[in-house]
Each structure stands twice: as C-alpha cells, then as structure tokens.
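Descriptive analysis of the structure
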Amino acid sequence: MPIRNKIGEMVENVRLLERSCGQRKPSVGTLYLSATHTIFVENNPETRKETWVPHSMVSGVERLPPSPTGSQLILRCKDFRVILVLIPQERDCVDIHASLARLSRPEKYSELYCLSFNPNVNKEQREESWAFVDLAADYRRMGVPNNLWVTTAANSEYRVCDTYPSELFVPKSATPAVIVGSSRFRSRGRFPVLSYFHQDTLAAVCRCSQPLSGFSGRCQEDEMMLQAVMKSNPGSDYIYVVDTRPKTVLCASLGKEYSEVMETAMKLVNYLRSSSALQHCLLRAFLNELNAMANRAAGKGYENEDHYTNIKLQFIGIENIHVMRSSQQKIVDVGEMRSPSMTDFLFGLENSGWLKHIKAILDAGVFIARAVADEGISVLVHCSDGWDRTAQACSVASLLLDPYYRTIRGLMVLIERDWVSFGHKFSHRYAHLDGDPKEVSPVLDQFLECAWQLSEQFPCAFEFNERFLIAVHSHIYSCQYGTFLGNCEKERRDLRLREHSHSVWPQLWKERSQFTNPLYQTDLSPSQGVLRPNTSPYCFKLWKGLYNHTEKSMPPRQSPADFLSTVREESKQLEEELTNQQERLTALTGKPITWEKVAVPRRRRRTDCQKHGGPDPPATTHGRLISGPDGQTDRKAPRKDPALTLPLRDTDDFSACSDLESGVADLSSRSSSGGDDNKEAELE
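A brief look at the structure comes next. Residue positions are counted from 1 within each chain, in the order its sequence is given. Local features in a predicted model are, by the rule used here, given only for residues with pLDDT of at least 70; side-chain atom pairs are given and counted only at 80 or more, and totals for whole chains, interfaces and linings are based on all residues. Side-chain calculation: all heavy atoms of the structure are included, whereas hydrogens and water are not.

1. A closer look at the overall build of the chain
In terms of helices and strands, the chain carries 21 helices and 16 strands. The classification of residues rests on relative accessible area computed with a 1.4 Å probe and restricted to protein chains. Under 20% of the type maximum is buried, over 50% is exposed, and intermediate values are partly exposed. Counting across all 684 residues of the chain, residues that qualify as buried make up 49%. Long-range contacts, defined as pairs at least 24 residues apart, comprise 71% of the intrachain contacts of the chain with a sequence gap of at least 6. The accessible surface values rely on the Shrake-Rupley method and a 1.4 Å probe; as for residues, cover is taken only from the protein chains in view. Accessible surface for the chain amounts to roughly 34000 Å². Of this, 50% is attributable to carbon and sulfur atoms. Only DSSP runs of H or I reaching four residues or more are called helices, and only runs of E reaching two or more are called strands; each is numbered from the N terminus. Contact definition: two residues touch when any of their heavy atoms are within 4.5 Å.

So, in structure tokens, the structure goes:
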C-alpha cells in the first residue's frame, strides 16, 4: 500500500482520548495535519475544543493492530502526555502514522517550528525580545568586574573555545598565555571561568571540563590557572575542585584503558622477541594501535593533588546521561501505571532510581553553596565536557546562594547563563533533530525538578510556582522559540536565530500572573540568604505534576497555590468594594470612618510551636461600629472622636505558627482526597 502525504489534509470522525487531562470518554472530531502541528477539533458545536500538538513535542508514534471500530495511534509526547487517536479507515491511519513519524524527527534546523513561527511583532520588538535577559547586568549585580575578576578577550570570535560564549570572566592574574595553555589541557578547550561571584565572602563558583591528564599528565599553565582562581579569593589559601562524576566509575574506566594499553604493549614486545624477520607494516600497525589507546586514556582524568598543591578534590557521584535517560523512562512508566498497588508503585519508584539521582544533584549544589557561603572558599566544578552535570551543579548552587534566582526573572537569567550561554547540547539532549538516541538525556529536566523539590521545602522562598517550571520544560522541547535551539552561542550565531526566531522569555514574562506563587514573601528573612535544604531521602517526592499526568479516574483538582491565589484576588475585590462603601458612608453621614485591627481568635493545631515565620501577631483590641447623630459611644468601646469605627481583620496573616525556614504550614494534609474511583473508559 503506497504511503500518502497527509500534510494539509483532514480526517473526519476521529476519536481522541487525552489521558493527561483526566479525560474518561473519547471526543469525536476532525484531525488536521499541518507542517508544524497535529490539530484535533471537536465536533461539539458548543465547545469546539481544539487540541494542538507540535510535531517537535512528539517523542514516538505507535500504531496498534486494526480493530472492527478502526485503527488506533498512540502519540507519546516529550512532556509526558499520552494521546490516543482512533481513526476509522486503516489506510488513513497508516498514512498519518508515516507522516507523523517523519515530521516528529526533523533532519535540519530549517524544518523546526520556531523558524516558521511568526507572532504579531515587528523587527524591533523581536530584537528587544532577545535583549530581555541581560547577562552583563547580572554580573554587574554580583559586583563583577572588579579587582579580582575581569573580562578577557581571549575567546573573542570563539578562538580558544568554540562552545563557550565570547565574553568570559577570569581571574585578574590569569594571563592570555595561561588561559590558552589551560584550554589545551582541558576537554573541548573549556578552561576555568567564573559562573557566580559571592560578594559577601568573595568566594566564586567556577566551571570547566575535565583535565586531559590521563595516567600521569600535567600542565603548568593549567596549574597556574587554578592558582589564579585561588588567589582571586583573598580569604582562602585553597579551592575545592568538585568532580561531579562517581569516582569509582572514573577510576575503573581509567584502569581498563591502562590494562588495554599494557596488554597491547606486551603483545608487541613478545612479537619482537619471537620474530626472526621484522615486518615493518605489522610493527607500524601495532604502534598505531598502542598510540590510539594511549590517546583514549589521556582523554579521561581528574586533577592530581600532588600536582595541584592548592586544591581539595571532592567527588560527588552524579551518573552519566545514559543512566539518567534510562531512569527517567522508568519513572515515566511508573506514572503511566493503571491503578497500581502500593507495592507495585513503591517498587517502580525505587527501581527507577530517579529520586536518588535528584538527591545527588542537590547534594552537589548544597556542598558548593556551603563552601562558598559558610567557609568562604571558591569552588571549581567540572564533569567530563563541562556542559551537563557541571551546569546542573552550578545552577543548583546559585539557586541556593542567591534569592534573586528564586524570582521569575532571576530563574530566566540563571538558565540563560549556566545553560544557554555557557553551552549545553540542547539539540542532542532533547532530540530537536533526528540523531543518535544515545545522546538524548533529561539533564535540564533534572535541574527544573531540583528547583521544584526546593520549592516544596521552602514554599515562601520562591516567586515562581510549579506551573512556571512546567512551562519552561515544555518550551525546551517544543522548539516554538529559538531560545533553546543549538548547542552553543557560536552555533546560534551561525544559524542567525536572532534574525529568524524569537526569544521565549518575554512571552513567559507577559504571562507571569499565572506563574506567581501566592505564598512568596520577599521580606521573609530566610529567603534573603542561603537556603539550606534537608537532603535526607524522606524529603524527596515524586513530581506528580510533571510525570503523573494519568490520574485515570480523578477529575482535575485545584491546587492549594491556585486556591490561595483565588482567595487573595477575591480579598482584593472585597477590599475595593469596602472602600467604595466607606466613601458612600462618609458622604451620607458627613463623618470620617476609621479602622481598627481586630484579632481573630485562632485555634492552633500545634501547642508546641516555638518558631514564627510570619509578621508579629496583631493587637488584641476590639472595636465596635459606633453610629448615631449625637456621637455617643458604647461604654465597652474606647472613647474616640465622633466617627465611624469599623473592625478590620488581618487577612494576610497566613504564616502564623509556621516553620521559620519555609514560612508556611504544611498545606498538603488539608487537600481533598476524594475522587471518582470509576475505571477510565478505553477506546474500543
């Protein structure tokens, strides 16, 4: 049966079921296939609901065997949605499956959605969108450049490292010769540069890639570079070098390479001893093989503390991209389980190892933050190539150290700096283009989850809510904007993305009212400094909002944060109405109206509360409404001037008897647990 291209065509009487919306009955409508989206429009004239799925969000399309009612397709999306489509005619199903399989795996950047997406903005507005996040302004906010850290022109036009940005901050004492020499000794040329500067302690978070030390190699310029990093912090005589990789795995890999080299060398020696006639071609082949193995071994290594006298080496133990990819797939499978038993759910969660990996990343950030803020010691972070685990550790540390990055705009700046600007393989890790599936890994997903885990421990310290993190996650994969396209700054410049696409940050900023955390308190003292999370295993949760879309029989529920936002909005409206009524009363009586705070009796659930994270409790004076033309007052009320006195409750005291660090009591125990237990209807 020949395959027909279904782009631009439509198929009627299609039934669709989207599990992520808690949908129990399939909708009937028309399916459209455009060059960038799969679109489903309901037939119901009252709703005419539309479901748009960008092709770049589709991770896989599965066609099931035909049934008497039609042929079924399963669309699995990168944001973990699962969409079931039942198509009446098998031939239409075959054609749509073939078209989607091709459209969801573009081979060139020119095929991506962002290069055809054209919002209603002019050229000037597009250019302004790319200037929305100003990294130079963020460094100035940190107090950089200064007499310790300066900009360098060494990487102008990406001459030293093509995956780094052109503007970098290095120690003032680092000369161009030291920078170039260090880059030659580091994987991909990614030499140590500044990521974050702590103004209070003068300690810094720096990043780089692994040294190419192999078995025993060393580089004088690289040793001088680390010495310069240490000297840039006058309060310390050493630095921490944090290798985010597991030490046992790294040593085992080096040992294997060493064994292979030695085995080959012994073969060569034995051959020379036993050979009566030396064959030069065979000897050359042996030497080439020996040299290749030695080069492979030289590509892996870590700093030798005997050579770097000013460092303390610390291994963290974050696994590689292949382990993380497998782990996330297992956690997604857990989220898709239908009516699992407690045993099955807990076994699947433990077997995935996902929360263990999230804990390892948070532990790395905690170690760096404590070193910088508490000990006043600078930290140099690296993994293998310095663009996966290094970015995770540096960005989590910044999130813990600086309250600015816990705001909506601050998180945008943090992602732009540590992920976009410093280079991260977006196109490979998130399968923007058809390529090697072994390069795909949820690296940035894990950072977003770390931010969510922290917001669960400190619900008053973050301006953004869960919805903002999920929105960023969706845009990483959707390719609707050019922000997360390309693997480095140079590649984005060569693609001229600023001329042909738009930045996602201004759009998210316009929608910030949806992403604001109602519990956020800028004046709460713990949120003004370093966060110190508890990383004990029991403190980690499954991110249900991202991974467990499939609450089969449960209708969508309003989250506590949304409920609080609604209450606060309604309170504002009531206050405005109260002000209007006050003005009317003043106009009718000719007397001013005064307000008194009234303490509302509150039954405390805990009698041993010793910490208080909210404002001081209100005074316990009570007032009564006093009216009458003669201005007489009730004898139980305090004597005042003839006026209207109304009681006013303190509606913003949400944090009474709350934990000092989080500033809010645990709301999860008060959420509704009811729901419909009916089994989800399936497509026939």
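2. Observations regarding the sheet that holds strand β6 (residues 71–77)
Following DSSP output, two strands are said to pair if at least two bridges run between them. Taken together, the seven strands give an open sheet; going across it, the order is β4-β3-β2-β1-β7-β6-β5, and neighbouring strands pair in antiparallel fashion. Of all the strands in the sheet, the pair left with one neighbour each is β4 (50–54) and β5 (58–63). Sheet twist, expressed as the mean angle between neighbouring strand axes with direction ignored, is 30°. Where β6 lies against strand β7 (residues 82–87), six bridges are found, and the strand directions are antiparallel. The partner of Ile74 across the bridge, within β7, is Leu84. Whenever a helix is involved, its axis is fitted only over the stretch in contact; in every case the axis is a line through C-alpha atoms, and angles between N-to-C directions fall within 0 to 180 degrees.

3. A word on the side chain of Asp445
By the element assignment, Asp445 lies in helix α14 (residues 443–457). A positive count includes Lys and Arg, and a negative count includes Asp and Glu. His and the chain ends are not counted in either. Take a side-chain nitrogen of Lys or Arg and a carboxyl oxygen of Asp or Glu: if they are within 4 Å of each other, that pair is a salt bridge. Arg429 provides the closest opposite charge to the buried, salt-bridge-free Asp445, at an N-O distance of 10 Å. Pairing of N or O atoms within 3.5 Å defines a polar contact, subject to two protein rules: one partner must be a possible hydrogen donor and the other a possible acceptor, and residues neighboring in sequence count only if both atoms are side-chain atoms. Looking at Asp445, its side chain comes within polar contact range of the side chain of Gln328, at 3.3 Å. Residue contacts for Asp445: discarding those within four places in its chain leaves Phe80, Gln328, Tyr430, His473 and Tyr477.

4. Side note on empty space enclosed by the protein
Buried and open spaces are told apart on a 1 Å grid over the protein atoms alone, a cavity being a set of points where a 1.4 Å probe fits but cannot get out and a pocket being an open set with protein on both sides within 12 Å along at least five of seven lines. Residues with an atom within 4 Å of a point are the lining residues. Grid points are joined across faces, edges and corners, and a volume is the space filled by probe spheres set on the points. Tallying each qualifying case throughout the model produces four cavities of 30 Å³ or more. Size it by volume and the largest cavity reaches roughly 70 Å³. Taken together, Leu16, Leu31, Thr38, Phe40, Thr51, Val53, Leu73, Leu75, Ile83, Val85, Ile96 and Leu100 form the lining of the largest cavity. Every element with two or more residues in the lining of the largest cavity is listed here: β3 (37–42), β4, β6, β7 and α1 (90–103). Asp, Glu, Lys and Arg are counted as charged, while Ala, Val, Leu, Ile, Met, Phe, Trp, Tyr, Cys and Pro are counted as nonpolar; the rest, among them Gly, fall into the polar class. When grouped by side-chain class, the residues that make up the lining of the largest cavity number 10 nonpolar, two polar and no charged. There is about 50 Å³ of room inside the second largest cavity. Taken together, Ile318, Glu319, Asn320, Ile321, Met324, Asp388, Arg389, Gln392, Ser441, Val443 and Gln446 make up the lining of the second largest cavity.

5. Points about the sheet that holds strand β10 (residues 193–197)
Spatially, five strands are ordered β10-β11-β14-β12-β13 in an open sheet, and the strand pairing comes out mixed. Looking at strand neighbours, the two that pair on one side only are β10 and β13 (311–315), the edges of this open sheet. Each neighbouring strand pair of the sheet contributes to a mean axis angle of 25°, computed without reference to strand direction. Strand direction decides the pairing type here: β10 and strand β11 (residues 204–207), joined by four bridges, are antiparallel. Note on β11: the bridge partner recorded for Phe197 is Ala204. The strands touched by helix α10 (residues 354–375) within the sheet are β11, β12 (239–243), β13 and β14 (379–382), with β12 carrying the most contacts at an inclination of about 170°.

6. Thoughts on the packing of aromatic side chains
Each pair of aromatic rings taken from Phe, Tyr and Trp, with Trp reduced to its six-membered ring, is defined by centres within 6.5 Å and is described as stacked if the planes are under 30 degrees apart, edge-to-face if over 60, and tilted in the remaining cases. Taken as a whole and judged by the stated rule, the model has 22 aromatic pairs. Between Phe80 and Tyr547, the aromatic rings sit 5.0 Å apart at their centres with planes inclined by 45°, giving tilted as the arrangement. Here Phe80, found in the loop between β6 and β7, pairs with Tyr547, found in helix α20 (residues 544–547); they are 467 residues apart in sequence, far enough to count as distant. Pair check on accessibility: Phe80 and Tyr547 agree, each one buried.

7. Examining the nonpolar core
In this structure, Phe447 and Trp505 are the most contacted members of the largest nonpolar core, which totals 121 residues. Other than its neighbours up to four places away in sequence, Phe447 contacts Ser395, Val396, Leu399, Leu411, Leu414, Ile415 and Trp419. We call a set of buried Ala, Val, Leu, Ile, Met, Phe, Trp, Tyr and Cys residues a nonpolar core when their side-chain atoms join them within 4.5 Å.

8. A look at the packing of helix α12 (residues 408–421) against helix α15 (residues 466–478)
At a minimum axis distance of 12 Å, the contact between α12 and α15 shows a crossing angle of 30°. Comparing their axes, α15 and α12 come out roughly parallel. α12 and α15 meet at a crossing whose hand is right-handed. Contacts between α12 and α15 involve Ile408, Leu411, Met412 and Ile415 from the former and Phe468, Leu469 and Val472 from the latter. Note on angle classes: values under 35 degrees are labelled roughly parallel, values over 145 roughly antiparallel, values of 65 to 115 roughly perpendicular, and the remainder oblique. Rotating anticlockwise by less than a right angle from the far helix to the near helix defines a left-handed crossing, while the corresponding clockwise rotation defines a right-handed one.

9. A closer look at unusual backbone geometry
Val144 connects to Pro145 through a cis peptide bond whose omega is 5°. Positive phi is not limited to glycine here, since Leu202 has a value of about 65°. Looking at the secondary structure, you find Leu202 in the loop between β10 and β11. Positive phi, normally seen in glycine, also occurs at Ala431, with a value near 55°. Looking at the secondary structure, you find Ala431 in the loop between α13 (426–429) and α14. Judged by its relative accessible area of 25%, Ala431 is partly exposed.

10. Some details on α10
Helix span is expected to be 1.5 Å times the residue number reduced by one. For α10, which comprises 22 residues, the first-to-last C-alpha distance of 31 Å matches the rise-based estimate of 32 Å (1.5 Å per residue) to within 8%. Among the 22 residues that make up α10, 16 are buried, leaving the element largely enclosed by the rest of the structure. Just beyond α10, the residue with positive phi is Gly376, at close to 70°.

11. Considerations on the environment of Val381
Within the secondary structure layout, Val381 lies in strand β14. The class for Val381 is buried, based on a relative accessible area of 0%. Each C-alpha atom, one on Val381 and one on Ala393, is 7.6 Å from the other, the two residues being 12 residues apart in sequence. For Val381, the contacting residues outside a window of four places in its chain are Val205, Cys206, Arg207, Cys208, Val242, Thr244, Ile368, Thr390, Ala393 and Cys394.

12. So, the environment of Arg63
Position of Arg63 relative to the elements: it lies in strand β5. A relative accessible area of 37% places Arg63 in the partly exposed class. In this structure Arg63 touches Gln72, Leu73, Glu90, Cys93, Val94 and His97, once residues within four positions along its chain are discounted.

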